[in-house]
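Understanding the architecture of this molecule
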Amino acid sequence: QLQRSFDTETLARWSREDALRLAGDIEARFSDDKFALVFAAGAYDAFELPGKAERALRRALDVDPGYFIAAWSLNDRLGAAEALKVARRAVATSRSPVNLWLLAEALRVAGDDARAAATAREVLRADGARNSFITQVACDTLILSPRRSVRISRLWSRRSWKASAIATIRKSDAKSGEKSK
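Please read these numbers as outputs of a predicted model, since none were measured by experiment.

1. Some words on the overall build of the protein
- Along the backbone of the protein there are 12 helices and 0 strands.
- When the helices and strands of the protein are listed from N to C terminus, the series reads α-α-α-α-α-α-α-α-α-α-α-α.
- Counting every position in the protein, which comprises 181 residues, the buried fraction comes to 43%.
- Looking at the protein alone, contacts between residues at least 24 apart form 48% of all its contacts between residues at least 6 apart.

Right, here's the structure in full:
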């Protein structure tokens, strides 16, 4: 019900006052519910209140530091150093492929291409191409890494995304001396 209330189409029909009152009520009543807090943040964003949205996202991460949606949404608002702290905290809480990708992206944005690429390779290994979203974003992190862009771009143009991910891991591992799993 809550998610439908804050869906973009539905929210557009609400008055600003009603939507913000509901978001505030939700934030107060469900202050320990990471999902409700992220929905409230979405309402604040829709009505251009980034400070309140950031507060709700930070509260969601206080509840669950490994909650990817809150960490990802918050990282878009932060500088590189703070985004890296949020990503590291998410990985320390839940070493899932999606949180590892968040760390890889934070490292890339911070300018640490070598660690970003190594973490993106770890994401691909951990996920095993089971989730197309994770595979795509991890490969995108590798593609955006300046020293890998041409080689990976060629892989993408010749093969499917899954084959590209596997080939990327193997070639990268061969250069680093690691063995692919």
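From this point, the narrative continues.
2. Some points on the side chain of D64
- Its place among the elements puts D64 in the loop between helix 5 (50-63) and helix 6 (68-75).
- D64 sits in the buried class, given a relative accessible area of 19%.
- One polar contact links the side chain of D64 to the main-chain amide nitrogen of G66, over a distance of 2.9 Å.
- If we skip the residues at most four places from it in the chain, D64 touches K34 and T93.

3. Some thoughts on the packing of helix 5 against helix 6
- Where helix 5 contacts helix 6, the axes come no closer than 9 Å and their chain directions differ by 140°. Here helix 5 is positioned oblique relative to helix 6, judged by the angle of their axes. In terms of crossing hand, the pair formed by helix 5 and helix 6 is left-handed. From helix 5, E54, L57, R58, A60 and L61 reach across to helix 6, where they touch A70, A71, S73 and L74.
- Residue composition of the contact of helix 5 with helix 6, grouped by class: 6 nonpolar, 1 polar and 2 charged.

4. A few points about a nonpolar patch on the surface
- Together, I69, W72 and F133 make up an exposed nonpolar region whose accessible area comes to about 240 Å².
- Tracing the backbone shows W72 in helix 6.
- Take W72: its relative accessible area is 31%, and that puts it in the partly exposed class.

5. Concerning the packing of aromatic side chains
- For the coordinates displayed, the defined rule picks out 1 aromatic pair.
- When the ring of F35 is compared with that of Y67, the centres are 5.4 Å apart and the planes differ by 75°; the resulting orientation is edge-to-face. Taken together, the positions of F35 in helix 4 (residues 34-46) and Y67 in the loop between helix 5 and helix 6 put the pair 32 residues apart, joining distant regions of the chain.
- Under the relative-accessibility criterion, F35 is labelled partly exposed at 44%.
- Residue classification places Y67 among the buried positions, given a relative accessible area of 13%.

6. Observations regarding the pattern of salt bridges
- Scanning all chains against the criterion turns up 10 salt bridges.
- Two residues, D32 and R59, come together in a salt bridge whose shortest N-O distance is 2.3 Å. Taken as a pair, D32 in the loop between helix 3 (16-29) and helix 4 and R59 in helix 5 lie far apart in primary sequence, 27 residues in all.
- Judged by its relative accessible area of 57%, D32 falls in the exposed class.
- The partner of R58 in a salt bridge is E82, and the shortest N-O contact between them spans 2.6 Å.

7. Side note on the packing of helix 8 (residues 97-109) against helix 10 (residues 132-144)
- The interhelical angle for the contact between helix 8 and helix 10, taken along N-to-C directions, is 15°, at an axis separation of 10 Å. Here helix 8 lies roughly parallel to helix 10, going by the angle between them. The two elements helix 8 and helix 10 cross, and the hand of that crossing is left-handed. Here helix 8 contributes P97, V98, W101, A104, E105 and R108 to the contact with helix 10, which in turn contributes F133, I134, V137, A138, T141 and L144.
- Here the contact of helix 8 with helix 10 is composed, by residue class, of 9 nonpolar, 1 polar and 2 charged.

Analysis parameters
- Residues numbered from 1 in each chain as written.
- Predicted model: local features only at pLDDT ≥ 70, side-chain atom pairs only at ≥ 80, totals over all residues.
- Heavy atoms only, no water.
- Helix = DSSP H or I, 4+ residues; strand = E, 2+ residues; numbered from the N terminus.
- Buried < 20%, exposed > 50% of the residue type's maximum accessible area, 1.4 Å probe, protein only.
- Contact = heavy atoms within 4.5 Å.
- Polar contact = N/O pair within 3.5 Å; in protein donor to acceptor, adjacent residues only side chain to side chain.
- Axes fitted to C-alpha atoms, helices over the stretch in contact; angles between N-to-C directions.
- Parallel < 35°, antiparallel > 145°, perpendicular 65-115°, else oblique.
- Left-handed = near helix turned anticlockwise from the far one by under 90°.
- Nonpolar A, V, L, I, M, F, W, Y, C, P; charged D, E, K, R; others polar.
- Patch = residues over 30% accessible without salt bridge, like charges linked within 9 Å, V, L, I, M, F, W, Y side chains within 5 Å.
- Areas by Shrake-Rupley, 256 points an atom, 1.4 Å probe, with all protein chains shown as cover.
- Salt bridge = Lys/Arg side-chain N within 4 Å of Asp/Glu carboxyl O.
- Phe/Tyr/Trp six-rings, centres within 6.5 Å; stacked < 30°, edge-to-face > 60°.

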